[in-house]
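# Summary of the model geometry
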Amino acid sequence: MTFIKVLSRNKWATLLTLVIAGFVLSSCSSASALAASSWPGVRADSENAYVAYGPFVRAISLRTGEEQWHFPAEADRAVSFYAPPAIDEEGHIIVGGYDKQVYSLSPDGLSASITWTFDGSQDRIIGGPLIADGTVYVPSADRKLYALDLETGQPVWAQPFEAGHSLWSAPLMNGTHIYIAALDHHVYALNPQTGAVEWSVDLGSAVSDTPTLTDGLLLCGTFEGVLYALDTETGSIAWTFEASDAIWGNPAAEGGNAFFADVSGIAYSVAIADGSMNWKRDLPGPTSATPAILGDRVYFASETSAVTALVMDNGDPAWPSSATLTGRLLADPIVTSEGLLIPAMESECELYMVDPDTGGSRCLFQAQ
Amino acid sequence: MWNTFILEPMINALILIYQFLGQNFGLSILLFTALVRLITLPLTYQQMRSTMVMSEIQGSDRYKKMQEKYKNDKQKLSEEQMKLFREFGYNPFSGCLGLIIQFPIIIGLYQAIIRAMAATPAQLFDLSKHIYNFIPTGLIPLNSQFLYMNLGQPERLSLSFLPFEIPVLTILVVISTYLQTKLTTPASPDSQGSQMTQMMGIYMPLLLGYFAYTLASGLALYFVASNLLGIVQGLVMRRVRESNAGAKPQISKG
C-alpha cells in the first residue's frame, strides 16, 4: 500500500515541486525584477517634500505630513518613479519615470496635471533631472543625457550626449560645464549649450552617485573604494583617498572638509585641500547615502535603520546613541526647515522627521 | 546559509565567466546555464530515467493486468508492484530525490542571474555586498547589452515594417518549455496521470512565458537555454534507452 501511494505521489510530487518552483520564482521576481524597486527619490523645498517612490510622486507637507497631491491620480502598473524630482523656485516640477517618460507637472487639486512629457528615452530614468538656465537635463539608463526646454520639453541639443553605460546619477552644473558621472567609469564635463564633451576622465570603476561640486573640485566616490578629487576645469586628478570599501554615496562638503561613508559602514572626514584624513568612525551598518550637514554636525543614514549624528570637527557622537527607525535607510537624508528628513525603503513609514538636536523621531508620512 | 553556500558562489562564478567571455553577459548566462546543467547531469539523468522507466512499466500489459486482477486487494497489488519494480531496477524515490536536490540549484541559478543583472540602484547596492574581494570592481555593473537586447529589460523585437513589437524570447520560452515538458513527462496510461501531464504541458509553458514576457530578458534567455539543453538531454536519453531496449527484460510478458 505504501508503495502504491509513493507511486501515485511520485508524479504528483513532480508536479507539486514544479508548482512550488513557479511560486518561488514568481515571488523572487516580484521582489526584484518585476517590481524593479529601489529607494525613494526625494527633494524638498521650504514647505513640501517631493517623493518619487513606486507608483506615485507625492508632495508631502513638511510640517504636518499631509499629502498635498499625488501623481498620477490612479496607480498604473506600467508607471513607477524612483528618481528624485527636480524642482525650482518658479514651481517647475520635473520627474522621470521607470516607464521611460519625463513629466513636467503642475499641481492641480489633489493630483497634478501634465504640462508636457518627453518620450525620447529608450530606458528608465533613474538619476534625478537638473533644472538650470531654462533647461532641464535628464540622465537616462539608455546611456544618454537629454537637454530639454524647461517650458516645452523639446530637445535643446542637436543630439543627446551618449556615454558608454547607463547614467544613474544626476547631472551638476557650475555655470560653465555640465558634469555627469556614468556607470562606464567615466566622469564627463559637457558644454551646456551643445552637449559636446569638454573633458572626460576614466576613474577605473563605476561612479553610481552624483558627484559633489565644491571649491573648484569634483569629488567622486567609486566602486573601487577610491574618492577622487577632479579639477572642474581640466578634469585632472588633484588627489585621491582610499576607503576600506566601495563608495556609493558621495561626500557632503562643509568648512573645507568632505564627509562620506563607504558601503561597509565606515564614515570618513577628509580635507578638501589635499585629501588627508581627519578622522574615521564605524557606523551601525552599510551606507549608500550622502550624509547631511547641519550646524556643526554631520548625519549619516545606514541601511540598518539607524541615523547617526557625528560632530564634524572630531567625529565624536553627537547623540548618546544612533536613532533607530524602520526599513532600509538607503536614500540621502535631507535637511529641512522642520528637521532632518529621512526617507525609508521597505518600511511602513516612508518619511521620518528626525530632531537634529536630540535624535528623536516621528513618522512624517505613511502611505495608505 | 543560502547566500553563503548557494547564491554568492553562483553570483561570483557568473561574474568570473562574464570576465572570461569578454564581458558579454548574454554569453555568460548561456555558458553558466550549460555548466550548471552539466554539474547536475547525474541528478537529472536519474530523474529522467526514473520517469521513463515508470512510464514503461505503467504502459505494460503486465502492469495493467495486475491492476485489474488485484483491484480489490491493495496489499497484494502493492506486493506485486514491488516485485515488478525490483525486476526493472526502479526505485520510486529516486526520481523525487533528484528533483528535490536540483531544486535549490535551479532557484540559486535563477536568483544569481537576477542579482547579477542589478537593474536598479538598490539591486546594485545589494549586489556589491555579495561580491568576493578578488572580483575586479571594474566589472560592476555588468554590461547587460546582448545582440539587440537589454538583458535587464523585457525583450521585444521591433521591425521597421511591422506596426507592433514581437516578443521573440517569450515565444521561444513557451515553445521550448512545452517541448521539454512533453519530453520529460511521457504520456501516462492512467487517467489521473494523464490529466496531470496535460496540466503540466499547459501550466508550465504559460507560467514561464508570462515570466519571460514581463521580466528581464536575461531570465528569458536562461529559460530558453535551460529548456534547449533539457530537450537535447531528453532526446539523447530516449535514444539510448531505445537502443538498449533489446537487452532489457520484456515488460509485456504476463
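Just so you know, these numbers come straight off a predicted model, no measurement behind them. (Residues numbered from 1 in each chain as written. Chains lettered and ligands numbered in written order. Predicted model: local features only at pLDDT ≥ 70, side-chain atom pairs only at ≥ 80, totals over all residues. Heavy atoms only, no water.)

## Quick word on the overall build of chain A
Selection rule: Numbering goes from the N terminus for both helices and strands, where a helix is a DSSP run of H or I of at least four residues and a strand is a run of E of at least two. Throughout, the radius of gyration refers to the C-alpha atoms, and the reference size of a globule is 2.2 Å times the residue count to the power 0.38. Each residue is placed in one exposure class: buried if its accessible area under a 1.4 Å probe, protein chains only, is under 20% of its type's maximum, exposed if it is over 50%, and partly exposed if it falls in between. Any two residues whose heavy atoms approach within 4.5 Å are treated as being in contact. Using a 1.4 Å probe, accessible areas were evaluated by the Shrake-Rupley method; residue-level cover was limited to the displayed protein chains. In this tally, Asp and Glu contribute negative charge and Lys and Arg positive charge; neither His nor the terminal groups of the chain are included. Charge coordinates come from a single atom per side chain, which is NZ of Lys, CZ of Arg, CG of Asp or CD of Glu.
Each helix and strand in chain A was counted, giving one helix and 32 strands. Over its C-alpha atoms chain A spans a radius of gyration of 22 Å, differing by no more than 12% from the 21 Å that the globule rule assigns to 368 residues. Over its C-alpha atoms, taken along the principal directions, chain A stretches across nearly 85 × 50 × 45 Å. Looking at the 368 residues of chain A, the share that counts as buried comes to 61%. In chain A, 41% of the contacts between residues at least 6 apart in sequence involve partners at least 24 apart. For chain A, the accessible surface area stands at approximately 14,000 Å², while carbon and sulfur atoms represent 48% of it. One way to put it: in chain A the 16 positive side-chain charges average out to a point 17 Å from where the 43 negative ones average out.

## Quick notes on the side chain of Arg37(B)
Residue and element names in this part refer to chain B. Looking at the secondary structure, you find arginine 37 in helix H2 (residues 25-39). On the accessibility criterion, arginine 37 (17% relative accessible area) is buried. With residues near it in sequence (within four places) discarded, arginine 37 still touches Thr44, Gln180, Ser226, Leu229, Gly230 and Gln233.

## A short note on the environment of Gly195(A)
All names here are of chain A. Assignment of secondary structure puts glycine 195 in the loop between strand S15 (186-190) and strand S16 (197-202). For glycine 195, a relative accessible area of 9% translates into the label buried. Discounting residues that sit within four places of it in the chain, glycine 195 has contacts with Trp157, Phe161 and Leu190.

## Details of unusual backbone geometry
In this structure, the amide linkage connecting Phe71(A) to the following residue, Pro72(A), adopts the cis form with an omega of -5 degrees. Summarising the element assignment, Pro72(A) is placed in the loop between strand S4 (67-71) and strand S5 (86-87). Between Ile140(B) and the following residue, Pro141(B), the backbone shows a cis peptide bond with an omega angle of -5 degrees. Positive phi, normally seen in glycine, also occurs at Asp215(A), with a value near 50 degrees. Looking at the element boundaries, Asp215(A) is found in the loop between strand S17 (212-214) and strand S18 (217-221).

## Considerations on the confidence of the model for chain A
Residues and elements named next belong to chain A. Rules: The predictor reports its confidence for every residue as pLDDT, a score running from 0 up to 100.
Per-residue confidence for chain A gives a mean pLDDT of 91, with 90% of residues at or over 70. In the model, residues 1-9 has pLDDT below 50 throughout and makes 18 contacts with residues more than four positions away in sequence or in other chains. A low-confidence stretch, residues 26-36 (pLDDT under 50), is modelled with 25 contacts involving residues beyond four sequence positions or located in other chains.

## Details of the sheet that holds strand S31 (residues 351-354) of chain A
Residues and elements named next belong to chain A. In plain terms, the rule: In this description, strands pair whenever DSSP reports at least two bridges between them. Here an axis means a line fitted to C-alpha atoms, over the contact stretch when the element is a helix, while the angle between two N-to-C directions is reported on a 0 to 180 degree scale.
Ordered in space as S29-S30-S31-S32, the four strands form an open sheet in which the pairing is antiparallel. The open sheet is flanked by strand S29 (334-336) and strand S32 (361-365), the only strands paired with a single partner. Averaged over all neighbouring strand pairs, the angle between strand axes comes to 35 degrees, with direction disregarded.

## Looking at the pairing of S15(A)
All names here are of chain A. Extensive coverage of S15 is indicated by the burial of four of its five residues. Inspection of the sheet shows strand S14 (residues 178-181) paired to S15 by four bridges, in the antiparallel sense. When the bridges of S15 are listed, isoleucine 180 appears paired with tyrosine 188. Two successive antiparallel strands, S14 and S15, enclose a turn made up of four residues, where histidine 185 displays a positive phi of approximately 85 degrees. Summarising the sheet, S15 and S16 pair through five bridges and their orientation is antiparallel.

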